[in-house]
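Each chain, written out:
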Amino acid sequence: MNTDDLIASLSADIAPVPRHALGRRAAIGMMAGAIATLLTVVVWLGLRPDLGHAMMGATFWIKWAYTISLALAATQATVRLARPDGGPGIALRLLALPVIALALIALVELISAPRSAWLEMWLGHSWMVCSRNVFLLALPIFLGLLWSFRRFAPTRLALAGMSAGLAAGAWGATLYCLHCPETSAVFVLTWYSLGMILAGLVGRLLGPLLLRW
Amino acid sequence: MRDDSGDMRTLMLAGLAGDSAAHATLLRALLPVLRRFYRRRLAGRDDDIEDCVQETLIAVHQRRATYDPDRPFGAWVHAIARYKLIDRYRRMGRTVPIDDQPELADEFDFAQASDAHADLERLLDTIPAKQAAVLRATRIEGLSTAEAAERLGIGESDVKVSAHRALKTLADRVRGAWR
């Protein structure tokens, strides 16, 4: 096709692009996925029966502070990586802060408890399914981000994929808190994080395959 | 003929606001920059060069929402052009250099596209006259090395060395302006 004709046809119908169009599209993709994840939590896993009561206690909010702060940092990195000239900035390094904070809380919790309780605190009742559940709940949100990325222009595909995976994992973990009754910090630090890391790794592998444009 | 074709960033912003004419002007203004970029890397493969130019224009258009107005416009286009180039290499079965250092000429070219900071004439006044003359002849008027050498009465290798030095100085200046 003649280049002049191409330019004419490309310029024919220009819709204005709103500011923050990228962030908005990422949000829409994640929200759509989050709705699917929420439905999965409610219908398949079930909300924790003591949810109302739990939300009045500190532990629930510590868990949410952990997962949400990770989710926000990873989401920020993902949106930055959606631009062709974008790097993650410090956003991915910020992920260390909630981890360190939760690790300190876990340390305090363990020290305050008798040593005989440590294994139980660490494994809880659901250690065998927790990471898997977080990972599975991340999937719809990751798919939502893949949809968002169809209009994006990432040039660092593995990193963008990893970032999207981590964001999906963290948001998935956030919704998982509505089901999961575990309360010890060392449990959350281990098994929730593992699920998120797995989501990040899968994202890293899929990025170069699925994020091309 | 000046290379900076009006302020491309301004055109881009106008296009983002919905101005079709500005958008068309921008795409046309990008043609020489992109053609030079691909010609340097795909020398002799005219079909590939024009294909890449078209692909990049399409990408600039379709992905225009990924431009951040607070960042240099030239760097954004350059990133898209490099991405499409690597794609093309892959399709050609050509090994892609792991660390594809942008050539100085690329940096200067795309920097010009950015904004008023890179006022070409002002910049050329800040470097030695001979280097400026070589750049004007080869970059702005598009003369070949041989033609520029003949016009300026110097040897061809002198043209190349002077151009290289001039680009390095200017690239450093331009990059420095953004910090």
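Placed above this text is the structure.
This write-up is about the structure you can find in this document. Counting restarts for each chain: residues are numbered from 1 in the order of the written sequence. Going through the entries in the order they are written, you letter the chains from A and number the ligands from 1. Per-residue local features are limited, in this predicted model, to residues with pLDDT of at least 70; the limit for side-chain atom pairs, both in listing and counting, is 80 or more; totals at the level of whole chains, interfaces and linings are taken over all residues. With hydrogens and water stripped out, all remaining heavy atoms of the structure feed into the side-chain values.

**Observations regarding the nonpolar core**
- Counting residues in each nonpolar core, the largest one holds 98 residues, and the members touching the most others are Tyr 192 of chain A together with Leu 30, Tyr 38, Leu 57 and Phe 73 of chain B.
- Non-local contacts of Tyr 38 of chain B, meaning those with residues more than four positions away in its chain, are made with Ala 43, Ile 49, Cys 52, Val 53, Thr 56, Ala 81, Lys 84 and Leu 85 of chain B.
- Residues belong to one nonpolar core when they are buried, are Ala, Val, Leu, Ile, Met, Phe, Trp, Tyr or Cys, and are joined through side-chain atoms within 4.5 Å. Relative accessible area decides the class of each residue, using a 1.4 Å probe on protein chains only: under 20% of the type maximum gives buried, over 50% gives exposed, and in between gives partly exposed. In this structure, Leu 123, Ala 166, Leu 167 and Leu 170 of chain B belong to the second largest nonpolar core, which totals eight residues. Residue contacts are defined here by distance: any two heavy atoms, one from each residue, within 4.5 Å place the two residues in contact.

**Considerations on the pattern of salt bridges**
- The term salt bridge refers to a pairing of a side-chain nitrogen on Lys or Arg with a carboxyl oxygen on Asp or Glu at a separation within 4 Å. In total, this model carries eleven salt bridges over all chains according to the counting rule given.
- With its nearest N and O atoms 3.7 Å apart, the salt bridge here joins Arg 19 of chain A to Asp 70 of chain B. Of the two residues, Arg 19 of chain A is situated in the loop between helix H1 (3–11) and helix H2 (21–45) and Asp 70 of chain B in the loop between helix H3 (46–62) and helix H4 (73–92); the pairing between them involves two chains.
- Relative accessible area serves as the criterion here: at 64%, Asp 70 of chain B is assigned to the exposed category.
- Among the charged side chains, a network of salt bridges with common partners joins Arg 45, Asp 48, Asp 51, Glu 55, Arg 88 and Arg 91 of chain B. We count a stretch as a helix when DSSP gives it H or I for four or more residues in a row; a strand needs E for two or more, and each element gets its number in order from the N terminus.

**Regarding helix H2 (residues 20–41) of chain B**
All names here are of chain B.
- Expected helix span is given by 1.5 Å per residue-to-residue step, counting one fewer step than there are residues. The end-to-end C-alpha distance of H2 is 31 Å, a good match for the 32 Å that 22 residues give at a rise of 1.5 Å each.
- We define the bend at any residue as the angle between the axes fitted to the seven residues before and including it, ending there, and the seven starting there. In H2, a bend of some 35° at Leu 31 exceeds every other bend along the element, and Pro 32, a proline, comes one to four places later.
- Structurally, the start of H2 carries an N-cap: the backbone nitrogen of Ala 21 is 3.1 Å from a side-chain oxygen of Asp 19. Here a polar contact means two N or O atoms within 3.5 Å. Within protein one must be a hydrogen donor candidate and the other an acceptor candidate, and residues neighboring in sequence count only if both atoms are side-chain atoms.

**Focus: the packing of aromatic side chains**
- When the centres of two rings from Phe, Tyr and Trp lie within 6.5 Å, Trp using its six-membered ring, the rings pair. Their planes under 30 degrees apart give stacked, over 60 give edge-to-face, and anything left gives tilted. Evaluation of the coordinates by the stated rule reveals 13 aromatic pairs over all chains.
- Relative to Tyr 38 of chain B, the ring of Phe 37 of chain B lies with its centre 5.0 Å away and its plane at 80°, an arrangement referred to as edge-to-face. Accessibility classification places Phe 37 of chain B together with Tyr 38 of chain B in one group, the buried group.
- Through pairs of rings, three or more aromatic residues link up here, namely Phe 60, Trp 61 and Trp 64 of chain A.
- Charges are assigned to positions over rings by a cutoff of 6 Å between ring centre and Lys NZ or Arg CZ, combined with an angular limit of 35 degrees from the ring normal. We note Arg 25 of chain A situated over the ring of Trp 147 of chain A; from NZ or CZ to the ring centre the distance is 3.8 Å.

**A few points about the packing of H1 of chain A against H3 of chain B**
- Between the N-to-C directions of two axes lies an angle of 0 to 180 degrees, each axis being a line fitted to C-alpha atoms and, for a helix, fitted only over the stretch in contact. Viewed as axis vectors pointing N to C, H1 of chain A and H3 of chain B meet at an angle of 10°, and their least axial separation amounts to 11 Å. By the angle class used here, H1 of chain A and H3 of chain B are roughly parallel. Every residue of H3 of chain B that contacts H1 of chain A at Thr 3, Leu 6, Ile 7 and Leu 10 of chain A is listed here: Glu 50, Gln 54, Leu 57, Ile 58 and His 61 of chain B.
- Residue polarity is assigned by list, with Asp, Glu, Lys and Arg as charged and Ala, Val, Leu, Ile, Met, Phe, Trp, Tyr, Cys and Pro as nonpolar; anything else, Gly included, falls into the polar class. Residue classes in the contact of H1 of chain A with H3 of chain B are distributed as five nonpolar, three polar and one charged. Oblique is the label for every angle not falling under 35 degrees (roughly parallel), over 145 degrees (roughly antiparallel), or within 65 to 115 degrees (roughly perpendicular).

**Here's the deal with the packing of helix H8 (residues 127–148) of chain A against helix H9 (residues 157–176) of chain A**
Residue and element names in this part refer to chain A.
- Viewed as axis vectors pointing N to C, H8 and H9 meet at an angle of 120°, and their least axial separation amounts to 7 Å. When the axis of H8 is compared with that of H9, the two are oblique. Our pair here, H8 against H9, has a crossing hand that is right-handed. Residue-level contacts link Cys 130, Asn 133, Val 134, Leu 137, Ala 138, Ile 141, Phe 142 and Leu 145 of H8 to Gly 161, Ala 164, Gly 165, Ala 167, Ala 168, Gly 169, Trp 171, Gly 172, Ala 173 and Tyr 176 of H9.
- In the contact of H8 with H9, the residues fall into 13 nonpolar, five polar and no charged. The handedness criterion is simple: a crossing whose near helix is rotated anticlockwise from the far helix by less than a right angle is left-handed, and one whose near helix is rotated clockwise is right-handed.

**Some remarks on unusual backbone geometry**
- Not every positive phi belongs to a glycine, and His 20 of chain A is a case in point at roughly 60°.
- Secondary-structure assignment places His 20 of chain A in the loop between H1 and H2.

**With respect to the interface of chain A and chain B**
- With 31 residues of chain A in contact, the opposing surface of chain B contributes 35 residues.
- Buried area adds together the accessible area that both of two parts lose upon being put together, with accessible area traced by a 1.4 Å probe. When chain A packs against chain B, the two sides together hide about 2700 Å² of surface, and 58% of this comes from carbon and sulfur.
- On the chain A side of the interface with chain B, the three residues burying the most area are Leu 10, Ile 14 and Trp 213 of chain A, jointly 25% of the side's total.
- Residue Arg 71 of chain B is joined to Asp 85 of chain A by a salt bridge in which the shortest nitrogen-to-oxygen separation is 3.5 Å.
- Inspection of the region where chain A meets chain B yields 13 residue pairs in polar contact (both at pLDDT 80 or more).
- Listed by contribution, the elements that provide at least two residues to the side of chain A that touches chain B are H1 and H2 of chain A.
- If you tally residues by element for the side of chain A that touches chain B, the top one is H1 of chain A, at five residues.
- Tallied by class, residues from the side of chain A that touches chain B come to 20 nonpolar, five polar and six charged.

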